[in-house]
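# Breakdown of the fold
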Amino acid sequence: MFRIVEVLGLAAPFVGAGMVIYYRRRMGGAFSPALMAAVVAVVASAVGVVTGRVIWFGGGGAEGIGERMEIGAGVRNLLLVGAWTLLLVAIFRRPRVGREVR
């Protein structure tokens, strides 16, 4: 069950990128920040996957594993904060209701 939830979480940025591309004409000026946010979220997901797999490599025992986990989680969280910031920019750049961009 946990693997299913993990795969859904990893697929979410790809679904978001697909939605941005599908609705690109309606989004107007919000398209580029929204697409960049989706790409940054995909990179953050990749960092999370890679970090979970490579923590066992390298020396340092349990302390080294903990340090690599902290670094990977920090990088992933910074990327996610960047994606959220880009989404906020996209929200402020979206077309107003009633004025559809063609």
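Quick look at the structure, then. (Residues numbered from 1 in each chain as written. Predicted model: local features only at pLDDT ≥ 70, side-chain atom pairs only at ≥ 80, totals over all residues. Heavy atoms only, no water.)

## Thoughts on the packing of aromatic side chains
Going through the model one piece at a time under the given rule, you end up with 1 aromatic pair. On the basis of an interplanar angle of 90 degrees and a centroid distance of 4.9 Å, the ring pair of Tyr 22 and Tyr 23 is categorised as edge-to-face. By relative accessible area, Tyr 22 is classed as exposed at 64%. (Phe/Tyr/Trp six-rings, centres within 6.5 Å; stacked < 30°, edge-to-face > 60°. Buried < 20%, exposed > 50% of the residue type's maximum accessible area, 1.4 Å probe, protein only.)

## Let's talk about the packing of helix α3 (residues 31-54) against helix α4 (residues 61-93)
Close contact between α3 and α4 brings their axes to 8 Å; oriented N to C, the two are set at 170 degrees. If you check the angle between α3 and α4, you find them roughly antiparallel. Between α3 and α4 lies a crossing of left-handed hand. Residues that form the contact of α3 with α4 fall into these classes: 19 nonpolar, 4 polar and 3 charged. (Axes fitted to C-alpha atoms, helices over the stretch in contact; angles between N-to-C directions. Helix = DSSP H or I, 4+ residues; strand = E, 2+ residues; numbered from the N terminus. Parallel < 35°, antiparallel > 145°, perpendicular 65-115°, else oblique. Left-handed = near helix turned anticlockwise from the far one by under 90°. Nonpolar A, V, L, I, M, F, W, Y, C, P; charged D, E, K, R; others polar.)

## Points about the environment of Phe 14
Inspection of the secondary structure puts Phe 14 in helix α1 (residues 2-22). Given a relative accessible area of 55%, Phe 14 falls into the exposed group.

## Considerations on α1
Its 21 residues give α1 an end-to-end C-alpha distance of 30 Å, which sits within 8% of 30 Å, the value for a rise of 1.5 Å per residue. Along α1, the helix axis deviates most sharply at Ala 11, where the bend reaches about 35 degrees; the proline Pro 13 sits within four residues downstream. Buried residues in α1 make contact with α2 (24-27) and α3. (Expected span 1.5 Å × (residues − 1). Bend = angle between axes of the 7 residues up to and from the residue. Contact = heavy atoms within 4.5 Å.)

## Topic: α3
Along an α-helix, residues three or four positions apart point the same way, because every turn accommodates 3.6 residues. Here α3 spans 35 Å end to end across 24 residues, near enough to the 34 Å set by a 1.5 Å rise per residue. Buried residues along α3 sit against α1, α2 and α4.

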